[in-house]
Amino acid sequence: MLQTLDKEARLTEEAHRLYGLLKSVSKEKGAKWTYEDCLAAAPYTLAINQFKKEQNAVVLAHSYTTPDLVYGVADYRGDSYELALKARETTADIIIFAGVWFMAETAKILNPTKKVLIPAGRAGCTLADAMSGTEMKKLRDQYPGIPALCYINSLAEVKAQCDSCVTSGNVFDIAQKIPGNELIFVPDLLMAKNLEAELQRRGTPKKIISAGGTCCVHDKYRPADVQKLRADYPEIQIIAHPECPIEVCRLCDYVGSTKGMQAYVAKSRATCFGMLTEFGLVNRLEAEYPDKKFIWPFGVCSYMKRNTLVNTLEALIDPQPEQVVEVEPAWAAAAKKSIDKMFELAQ
Ligand code: SF4
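Residues numbered from 1 in each chain as written. Predicted model: local features only at pLDDT ≥ 70, side-chain atom pairs only at ≥ 80, totals over all residues.

(A) Highlighting the packing of helix H2 (residues 35-55) against helix H14 (residues 309-317). In contact at an axis separation of 10 Å, H2 and H14 are set at 25° when each is read in the N-to-C sense. Taken as axis vectors, H2 and H14 run roughly parallel relative to one another. Relative to H14, H2 is oriented so that their crossing is left-handed. For the pair H2 and H14, contact is made by Ala41, Tyr44, Thr45, Ala47, Ile48, Phe51 and Gln55 and by Leu309, Val310, Thr312, Leu313, Leu316 and Ile317, respectively. (Axes fitted to C-alpha atoms, helices over the stretch in contact; angles between N-to-C directions. Helix = DSSP H or I, 4+ residues; strand = E, 2+ residues; numbered from the N terminus. Parallel < 35°, antiparallel > 145°, perpendicular 65-115°, else oblique. Left-handed = near helix turned anticlockwise from the far one by under 90°. Contact = placed C-beta atoms within 7 Å.)

This is the structure:
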């Protein structure tokens, strides 16, 4: 009886903790997180946090995963760059990477002696999956001597064949540092256009040779979405990710990485923001800036949302083979060189 009471008290305490963090956060259909939602999540967050301690595990959660993961169990939350740094430096025995496959693969490349688990299994990404190692090799053979950068949203076999990796937060600065007036950039065709335009604007133009695909979330925004936001909310500041089409980015007040967008909101005196990006980032901003208003037209990454509290707990207790991250040894060392080069150039 006493044990039952104690369990109930711990669940109630945990639900209050979660509700305190999530009460200003929207769900997809517009309603906010409720105390009942938090009470339903509490048994899982308690169990995951307990298993983490027992197994010396750390949870890294990308900002696009769901708020119960991001605020309930993550030790670190952030974008690809921030999480890659955390993965590299952690001393934990197990890294649980709530994100998509290429991110967990990057963590394993950077810290190969750790056990890396991804709750969502082989969750893809339309960018990373748009280019294979064979295609990358063909491109390099086609343009011998031209330096190549790859977006971090790429497979290890692509990273391994590039001079440096980049993220959306450092792509412009790193590209500017690369000598020559031609540059290969893969696998984001839309970011390639934004990169070419930004280098032109900075007075260091380069011809960008690109191949690959697009992000299935950010490629959907159109100039009409920006115009509608401005018409509906005259005071709005509109911010977008550089994975969006250039004709959209040109109409926005700020274009930058997930971390850059957070910093922009933090320092802006505006109170209303139009968010042309994935819903998870909107949720983070709602949680962290409850006095500001965030208008989000649409945009959900179904791959990121495959990470749940349930499969995170399962990965900790008894990981399935598809949740255990291994990297093809033939690519790991060269891919690491490309990621390390990014850390060096990003200084
Ligand atoms: S939001 Fe786009 S780029 Fe990010 S993981 Fe999903 S598909 Fe890939």
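Let us keep going from here.
(B) Molecular detail of the nonpolar core. Counting residues in each nonpolar core, the largest one holds 107 residues, and the members touching the most others are Leu60, Ile96, Phe97, Leu149 and Ala240. The element contributing the most residues to this core is helix H5 (residues 101-110), with 7 residues. When residues no more than four places from it in sequence are discounted, the contact partners of leucine 149 are Cys162, Asp163, Ser164, Val166, Ile174, Ala175, Ile178, Leu183, Ile184 and Phe185. (Core = buried A, V, L, I, M, F, W, Y, C linked by C-beta atoms within 7 Å. Buried ≥ 20, exposed ≤ 12 C-beta atoms within 10 Å, placed from the backbone.)

(C) Expanded view of the site of the ligand. As a structural note, the neighbourhood of the ligand is formed by 13 residues, with Cys125, Thr126, Cys215, Val217 and Cys301 the closest of them. Of the residues belonging to the shell around the ligand, the class tally is 10 nonpolar, 2 polar and 1 charged. (Near = placed C-beta within 6 Å. Nonpolar A, V, L, I, M, F, W, Y, C, P; charged D, E, K, R; others polar.)

(D) Region of the structure containing the domain arrangement of the chain. Entries for the chain in the domain assignment read domain 1 (2-123 + 304-323), domain 2 (128-215) and domain 3 (218-295). Look at where the C-alpha atoms of domain 1 and domain 3 centre, and you get two points 26 Å apart. Facing the 17 residues of domain 1 at the interface are 12 residues of domain 3. Breaking the side of domain 1 that touches domain 3 down by element, the ones donating at least two residues are helix H1 (2-22), helix H3 (67-72) and helix H4 (80-89). Sorting elements by how many residues they give to the side of domain 1 that touches domain 3 places H3 first, with 3 residues. For the side of domain 1 that touches domain 3, the per-class residue count stands at 9 nonpolar, 5 polar and 3 charged. (Domains from an automatic or database assignment.)

(E) How the structure looks around the sheet that holds strand E1 (residues 57-62). Spatial ordering of the open sheet is given by E2-E1-E3-E4, a layout of 4 strands whose pairing is parallel. In this open sheet, the two strands that pair with only one neighbour each are strand E2 (76-78) and strand E4 (115-117). Looking at each pair of strands side by side, their axes are set apart by 20° on average, direction ignored. Inspection of the sheet shows E1 paired to E2 by 3 bridges, in the parallel sense. By the bridge assignment for E2, alanine 61 is matched with arginine 77. (Pairing = 2+ DSSP bridges.)

(F) Molecular detail of the pairing of strand E11 (residues 272-276). Of all 5 residues in E11, 4 are buried, a share of seventy percent or more. Sheet analysis places strand E9 (residues 237-240) next to E11, joined by 4 bridges and oriented parallel. Paired with isoleucine 239 across the bridge in E11 is methionine 275. Relative to strand E12 (residues 293-295), E11 runs parallel, the two being bridged by 3 bridges. Looking at the pairing, phenylalanine 273 lines up with phenylalanine 294 of E12. Considered for its hand, the β-α-β crossover made up of E11, helix H13 (residues 279-288) and E12 is right-handed. (Right-handed = clockwise from strand over helix to strand, strands pointing away.)

(G) The arrangement of the packing of H4 against H5 in detail. Put simply, H4 and H5 touch, their axes get as near as 8 Å, and they point 35° apart. Like other packed secondary-structure pairs, H4 and H5 cross with a definite hand, here right-handed. On H5, the residues that touch Ser80, Leu83, Ala84, Ala87 and Arg88 of H4 are Met103, Thr106, Ala107 and Leu110. Residue composition of the contact of H4 with H5, grouped by class: 6 nonpolar, 2 polar and 1 charged.

(H) Looking closely at the pairing of strand E8 (residues 207-210). Two strands pair when backbone bridges link them, and strand E7 (residues 182-186) and E8 are joined in this way by 4 bridges, in the parallel orientation. Of the residues in E8, the one forming a bridge with phenylalanine 185 is serine 210. Between the parallel elements E7 and E8, the chain passes through helix H9 (residues 189-201) in a crossover that is right-handed.

(I) Broad picture of the sheet that holds strand E10 (residues 254-255). Sheet architecture is open: 4 strands sit in the order E10-E9-E11-E12, paired in parallel fashion. Looking at the sheet topology across the chains shown, the edges are occupied by E10 and E12.

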